Amino acid sequence: MIDIRIPIGLLFSILGALLLCYGVVTMNTQSLYQKSLGIDVNLWAGAWMLLFGLAMLALSQKANSQK
Amino acid sequence: MSDGFQLAWIDYAMMLVYFTFVIGIGWALRRQMSDATAFLEAGRSMPAWVAGIAFISTSLGALEVMGMIGCGAKYGMLTFHFYWIGAIPAMLFLGVFMMPFYYGSKARSVPEYLKLRFDEKTRALNAVLFSVMTILVSGISMYAIAILTEQLLGWNFYVSLFASAAIVLIYTYLGGLSSAIHNEVLQFFIVIAGLLPLVFLSLHDVGGWAGMKERLGPVVSSLPEHFAADTWLTTWRHTGRAAQNPMGIEWYGIVLGLGFVLSFGYWCTDFLVIQRALAARSALAARNTPLIAAIPKMLVPLLIIPGVISVWLMHTPAEHFSILDRGVTNYDLTIIMLMRRYLPPGVLGLGLTALLASFMSGMAGNISAFNTVWTYDLYQAYLRPPSSDAKLDQTHYLRVARLATVFGVLASICTAGVAAEFRNITDFMQTIFSMVNAPLFAVIFLGMFWRRTTGHGAFAGLVSGLTTAVLHHGLTEPAGSVTMFKGGWLHVVHTYPVELSQNFWCAIFSCSTSAAVAIAVSLLTRQRKPNEELVGLVYSLTPRTAATNAQWYERPAVLALLVAVMGTVLSLAFW
C-alpha cells in the first residue's frame, strides 16, 4: 500500500510550481494571453494547484504523525 | 485541421511530469504483487475514499469526457441527467442495499457472484460477454484518443496509439489493480484541474452566469426546432413532450430508461465499477465506496458548462467557432476546439494532460476488470482449476493474470485498428454494451431480493433480454439514420427522434423482458440451491449487521441521506 496523497501532493506541487513560474515569467507577454481574454491563467491555475498539492502533503503528514 | 495547435515546451513538460508519476506509482507497487490476490483484488485493502474516487474515475474515461462536453453542446444542461438521475439513485442503491451481498459473498467478480447465486452457465455467459465487451470498449476509446491527437496535434495515429497503450500496460502490469486504482485517483484530480480553467474562461467570456443566460437565449430560440429560450439551461422544465427538448424524450422516458434501467444496469452490475468497491478494506468501506463517490459525481456536471456555452459560440458567426469535421458536425471535437480557443501555453498542456489522464483511467479500468474475469471466471473455472498446492496456484494465476494484462492491451490495439477501418462501429459497440447490462441488472436484482429465482430462470432472463435488445435495434432506427449500425437492419417499424431515446427505450424493453422471463421460468423450475447455500447472497436469508461502532459520518444510512438531500437540492436549483 502507498499513501496516494503523497504522489498526488507531489505531482500537483510540481505542476503548480511549473505553471506558476511560467505565469510569472510570461506575465508581460500580452500576446500569449489573448486567447485567455487577457488573464494570466497560468499564474492562477499554478497557484491553486500548488496550494492543493501542499494541502494534500500536509494531510498525509498529519495522518502519519497520528499513527 | 492541425493548424493553430502549437505546443510550447511547457506543455510537453507538464505531460512528461505526469507520465513519470503514473509509471512511478506502478513501480512503487511492483514488489507487493506477490500473488494473484494482491494483483487482481488489490488485497482488499483500499480506504473507502480511495476506492470511491476510483469508482467514478473509471467512468470518466476519454470517451466520456469528450462525450460529456459534446453532449453539453448538443443537449445543454439536460446532459446533467446523466450525472444526477442517471447515477446518484443507482449509486445509493448499490451502497445501501446491494453491496453487502457482493462484498459479503466473497465473490471476486460479478460473474463469480452469478455462479454462487445461480449456476455455472449463467456465470459462463456473463464472463464471456463481459470479457469481449470490455476489450472492445477499451479499444474503441483508444481509437478515439488516437484519432484526436492525430487530427489536432498532428501526431502519428499509430505512434500515439502504441505510446499511450505502452504506458497503461507498464503500470497495470507492474502494480495490478492496486496501481490502476491509485492512478485513477490521481487521474481524477488531474482531469478536474485540467478542465477547470476552461470552465472559468468560457464563463468569463460570456459575462458570467447572467451573461450566459442572456446570450444563449436568443441562439437557442432561433434553432429550427423552436425550442424555448431557456432549454439549454434547464434540466426538467422542458421534458413534458419529447419535441420540446433536444434529447427527444419525455420525463418518464428519462426516469425509466436512464434513471432506472441504464443507470442501475451500469452502476449496480458492471464489474468495472463494482471491482473498485470490492477492493475496499472492509464491508463498511465497500458500502461507503459508491456513497462517497456520489458526492464528487454530483459536481462533475459543472465541468460541462463550457460545452453548454459552445452552443452560443457555434451559432454566432462572429465567434468563428466550428466543430465541423469534413463538413459534418462532430460533437466530439467540442472539447478540443474549446481548448484551442481559450487555453494559452501552460494550461493547454494541463488540459491535454487531463485528456490523456482520462483516457488512461478508462483504459486501465477496462484492462484490470478484464484480467480478473479472464483469470478467475474463465481460466481458473474452465481451463485450469485450482490444484492441491495453494501457494503454487497463486504464483501460477499471478503469471496468467499478468499475461492477460498484456493480451488485453494488445487486443485493444487491434480493436482500435478495426475501429479505424469502420468508423461507425464506435457508437454501435456502446449500444451493445448497454444491451448486455440492462438484462443483467434485472437478473441480479431478482437474485438478490427474491429467494425463489433459479439458475434456469436467470439464464433464460439474460438470453431473452439480450435477444429483445438485438431485435429492438433491428426493428427501430433514429431519425436520419444512414447506416445499419444505428439500427433498422431487419425492418423499420418505429423511428425515434434521436439515438438517445432509441437507447433508452431499448434498455427499458430488454430489462422488462428479462425480468418477466426470469420470473416465469423461475416459477416453472425447481430451486436447486438449499437455503443454507444462499445465506449472504440473498436479502431475506442474510442477517442484518448494523454499523454500530462506526462514526456517524461513516454510516451508510447517514451518507446516503446526505447525498440524497444534496442531489435533490441541485436538481431543484437547475429545474
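Criteria and thresholds
- Residues numbered from 1 in each chain as written.
- Chains lettered and ligands numbered in written order.
- Predicted model: local features only at pLDDT ≥ 70, side-chain atom pairs only at ≥ 80, totals over all residues.
- Helix = DSSP H or I, 4+ residues; strand = E, 2+ residues; numbered from the N terminus.
- Rg over C-alpha atoms; globule rule 2.2 N^0.38 Å.
- pLDDT = per-residue confidence, 0-100.
- Contact = placed C-beta atoms within 7 Å.
- Nonpolar A, V, L, I, M, F, W, Y, C, P; charged D, E, K, R; others polar.
- Axes fitted to C-alpha atoms, helices over the stretch in contact; angles between N-to-C directions.
- Parallel < 35°, antiparallel > 145°, perpendicular 65-115°, else oblique.
- Domains from an automatic or database assignment.
- Buried ≥ 20, exposed ≤ 12 C-beta atoms within 10 Å, placed from the backbone.
- Core = buried A, V, L, I, M, F, W, Y, C linked by C-beta atoms within 7 Å.

1. Quick notes on the overall build of chain A
If you tally the helices and strands in chain A, you get 2 helices and 0 strands. Whereas a compact globule of 67 residues would reach a radius of gyration of roughly 11 Å, chain A reaches 15 Å, over 25% beyond that. Counting only C-alpha atoms, chain A reaches 50 × 20 × 15 Å along its principal axes.

2. A closer look at the confidence of the model for chain B
The share of residues in chain B with pLDDT of 70 or more is 97%, and the mean pLDDT across the chain is 86. Predicted complex metrics record ipTM = 0.95 and pTM = 0.90.

3. As for the interface of chain B and chain A
Between chain B and chain A, the contact holds 28 residues from the first and 21 residues from the second. Going through the elements one at a time, α1 (9-29), α8 (157-205), α14 (334-342) and α15 (347-383) of chain B are the ones with two or more residues in the side of chain B that touches chain A. Taken together, the residues of the side of chain B that touches chain A break down into 22 nonpolar, 4 polar and 2 charged.

4. Things to note about the packing of helix α11 (residues 271-278) of chain B against α15(B)
Residues and elements named next belong to chain B. The interhelical angle for the contact between α11 and α15, taken along N-to-C directions, is 80°, at an axis separation of 9 Å. By the angle between their axes, α11 is roughly perpendicular relative to α15. Contacts between α11 and α15 involve F271, L272 and Q275 from the former and G365, N366, A369, T372 and V373 from the latter. The residue inventory of the contact of α11 with α15, partitioned by class, reads 4 nonpolar, 4 polar and no charged.

5. Here we look at the domain arrangement of chain B
All names here are of chain B. The domain boundaries assigned to chain B delineate domain 1 (9-30 + 47-421 + 544-573) and domain 2 (424-543). Relative to domain 2, the C-alpha centre of domain 1 lies at a distance of 22 Å. At the junction of the two partners, domain 1 supplies 36 residues and domain 2 supplies 32 residues. Where the side of domain 1 that touches domain 2 is concerned, the elements lending two or more residues are α5 (88-104), α6 (110-117), α7 (120-153) and α10 (251-267). Counted by class, the side of domain 1 that touches domain 2 contains 21 nonpolar, 10 polar and 5 charged residues.

6. Here we look at unusual backbone geometry
Residue and element names in this part refer to chain B. Positive phi is not limited to glycine here, since A42 has a value of about 55°. What makes A42 buried here is the crowd of 31 C-beta atoms within 10 Å. With a phi angle near 45°, R44 is a residue other than glycine that sits in the positive phi range. Here R44 is to be found in the loop between α2 (36-41) and α3 (48-57).

7. Digging into the nonpolar core
General note: in soluble globular proteins, nonpolar side chains tend to be found buried as a group. Residues and elements named next belong to chain B. Core analysis: the biggest nonpolar cluster contains 213 residues, and A51, V168, I181 and F441 have the highest contact counts within it. Considering each element in turn, this core owes the most residues, 22 residues, to α8. Other than its neighbours up to four places away in sequence, F441 contacts V261, F264, G265, C268, T269 and C511.

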